[in-house]
Amino acid sequence: MASAEPRPDQPPLQALRDAANRLRVRALRATSAAGSGHPTSCCSAAEIAAVLFFQAMRYQASQPAHPSNDRFVLSKGHAAPLLYAAWAEAGFLKEPELLNLRKIDSDLEGHPTPRLPFVDVATGSLGQGLGAACGMAYVGKYLDKASYRVFCLLGDGEVSEGSVWEALAFGSHYQLDNLVAIVDVNRLGQSEAAPLCHNMDVYRRRCEAFGWNTYVVDGHAVEELDEALWQAAQVKGKPTAIVAKTYKGRGIPGVEDAENWHGKPMPKDKVESIIGAIQSRIETHKVLVPQLPIEDVPQISIAGICMPSPPEYTLGDKVATRKAYGVALAKLGAANERVVALDGDTKNSTFSELFKRVHPERYIECYIAEQNMVSVALGCAARDRAVVFASTFAAFFTRAFDHIRMGAISRTNLNLCGSHCGVSIGEDGPSQMALEDIAMFRAVPGCTVFYPSDAVSTERAVCLAANTKGICFIRTSRPETPVIYRPEEKFEIGQAKVVRKSDADRVTVIGAGVTLHEALAAADELAKQGTHIRVIDPFTIKPLDAATIVASARATGGRIITVEDHYREGGMGEAVAAAVSGEPGMVLQSLAVSGVPRSGKPAELLDLFGISAKSIIAAVKSTFAN
């Protein structure tokens, strides 16, 4: 419940109103100079931004990324000019910089990205900011145990996204009372009115139903916004939602609350008269100074994390790489107290439960909400406050691809582990089989794609991922497969392992995960028949060790066979094809899953889709037959 104590201070209401109008003027000038942008979306939220930045939030304006600062996430990223205007009002940006909005040589992009030090996560693909804010608030409350708070500004249009409601459920479940979501209900979407228009009671009841302390306010009344934000700070055990009734294009004559103005700058011949009308309402030129934060964030280090001991496996041990992932993650958690694990209610299948058993205070259950899980993970990783691993079935990460894509734009350091890849999972059938995931993660800029083939290489992949910039994806398998590497074996990103080699090799076969073991079985059988093949474990599909592949292919007459438990499109075969495309005399045959699979035993499915040892043997023989 909110405190009944009186306010200790009286807010400078007129100065806040004047600040809001200065923000409007800056947004109008910037979008006019750019010839594009969303000035009407900025104008509806001007008072919200003014009260947040110059009354409610505590931060060092000269150090936007200071770890003790309150966090602000602009989920409605198209209102970026308003965010830039606020940082100019705070003194961090210089006024003339705002006129470079959207220019090729400016970091003031059309939607916010972390090129700017006051942006923690990129936004603009709607419905994702609140999930990231949840991750930041979780770290603040449960890991940092610090005073900073997290504020997220959403638009009413984006609350049609299901991921917003996933985040609302997460925030209340974890009692994130250091989190405030403000919904700018300006009634109008991009092409027509938002579904609820100004039905504020429905917004209120929905937020309350999701367990949030909720206030409905006039979003242009700074006194109401200020009071709601102050009350939110007194509430314990619940996050707060402030549902603010506003008007799109507020303060612009003839445009306020009018349709068909989304994403349009004001006409060049009218912008100065519009600005004049807004400026006429400014009564003072008092510049408000934000409150400084309480500096109680602990100092941490997440660099150079090493495993406390080598992998504890013996050659020949049968271990699923999904289980080896869980073992490795638990060990990594013992090495650094900032390692955090998330899962989407699959922890007993991904084996992240092994981490939870020994580090329960650093395990975050996200339940069956993969989009939100990825956004929460992005928030947890912000400002380098945690080393984050999130896991689920690899197939279900495809649902969260847009959130992963935005993570790359956010330049985040995030580790994702997808288990149950390919037809080798067997009887569960095609809905559970990840057959598109390598293609998806290969397309993510800067993403490292690990595909370990045994328990030792899986453990090495986990440690490497923890120390690697950008997004990392670790693909793990369900079947138990033999350990083929000794515990002391060293692994590096972008370096393949030649696991079977002789001077008599006639074909290079590249497998990964379960298909590497099929390739080794094929090599053993072919050797009995007098034919020798070279077998390569790529370890990382991206970056791919092209040099080792090309050298091996040259040694085997230019003949390469790739075999993968994945669709052909975008998979390992196409990665290898790209790597050798400039080399003369190379002949590549790709064995991959074709068509939608079905339930069956793993061995039956590997045979049915032509990626088993038997299929590899046939492919090797056909290479010579042709």
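Structure shown above.
Residues numbered from 1 in each chain as written. Predicted model: local features only at pLDDT ≥ 70, side-chain atom pairs only at ≥ 80, totals over all residues. Heavy atoms only, no water.

Visitor: Would you mind going over the sheet that holds strand β16 (residues 532–537) with me for this structure?
Guide: Picture the strands of a sheet paired through backbone hydrogen bonds; they go either parallel or antiparallel. Reading across from one edge, β14-β16-β15-β18-β19 is the order of the five strands in this open sheet, with mixed pairing throughout. Only two strands of the sheet have a single partner each, and these edge strands are β14 (497–500) and β19 (587–593). For this sheet, the mean inter-axis angle between neighbouring strands, taken without regard to orientation, is 25°. In this structure, strand β15 (residues 505–511) lies alongside strand β18 (residues 559–567), joined through four bridges in parallel fashion. Within β18, the residue paired with Val 509 across the bridge is Ile 561. Of the strands in this sheet, β14, β15, β16 and β18 are in contact with helix α18 (residues 514–528), which crosses β16 at around 165°. Each of β15, β18 and β19 is contacted by helix α20 (residues 572–580), which is oriented at about 145° to β18, the strand it contacts most. (Pairing = 2+ DSSP bridges. Helix = DSSP H or I, 4+ residues; strand = E, 2+ residues; numbered from the N terminus. Axes fitted to C-alpha atoms, helices over the stretch in contact; angles between N-to-C directions. Contact = heavy atoms within 4.5 Å.)

Visitor: Got a minute to help me understand the packing of aromatic side chains in this structure?
Guide: Aromatic rings in a pair are described by how distant their centres are and how their planes are angled relative to each other. Applying the stated criterion across every chain yields a total of 21 aromatic pairs. Taking 6.1 Å as the distance between ring centres and 90° as the angle between the ring planes, the aromatic pair formed by Phe 92 and Phe 118 counts as edge-to-face. Residue Phe 92 is located in the loop between α4 (80–89) and α5 (129–143), and its partner Phe 118 is located in the loop between α4 and α5; the two are separated by 26 residues in the primary sequence. Assessed through its relative accessible area of 27%, Phe 92 is described here as partly exposed. (Phe/Tyr/Trp six-rings, centres within 6.5 Å; stacked < 30°, edge-to-face > 60°. Buried < 20%, exposed > 50% of the residue type's maximum accessible area, 1.4 Å probe, protein only.)

Visitor: What should I look at first to understand helix α15 (residues 401–409) in this one?
Guide: Along an α-helix, residues three or four apart share an orientation, since each turn contains 3.6 residues. Among all positions of α15, only His 403, Ile 404, Met 406 and Gly 407 are buried. Angularly, the buried residues of α15 cover 160° about the axis, an arc narrow enough to put them on a single face. The first or second residue beyond α15 is Arg 411, which carries a positive phi of 55°. (Arc of directions from axis to C-beta.)

Visitor: Explain the pattern of salt bridges here, please?
Guide: Opposite charge on two side chains permits pairing when their charged atoms draw close. In total, this model carries 32 salt bridges according to the counting rule given. With its nearest N and O atoms 2.8 Å apart, the salt bridge here joins Arg 383 to Asp 120. Placement of Arg 383 in the loop between α13 (370–381) and β9 (387–393) and of Asp 120 in the loop between α4 and α5 is noted, with a sequence separation of 263 residues between them. For Asp 120, a relative accessible area of 14% puts it in the buried group. The salt bridge partner of Asp 177 is Lys 141, with a shortest N-O separation of 3.4 Å. One end of the pair, Asp 177, is in the loop between α6 (162–173) and β3 (179–185); the other, Lys 141, is in helix α5, with 36 residues separating them in the sequence. Since its relative accessible area comes to 19%, Asp 177 is described here as buried. Overall, Lys 141 belongs to the partly exposed group, its relative accessible area being 24%. Residues joined in a network through salt bridges with shared partners are Arg 22, Arg 26, Glu 89 and Glu 95. (Salt bridge = Lys/Arg side-chain N within 4 Å of Asp/Glu carboxyl O.)

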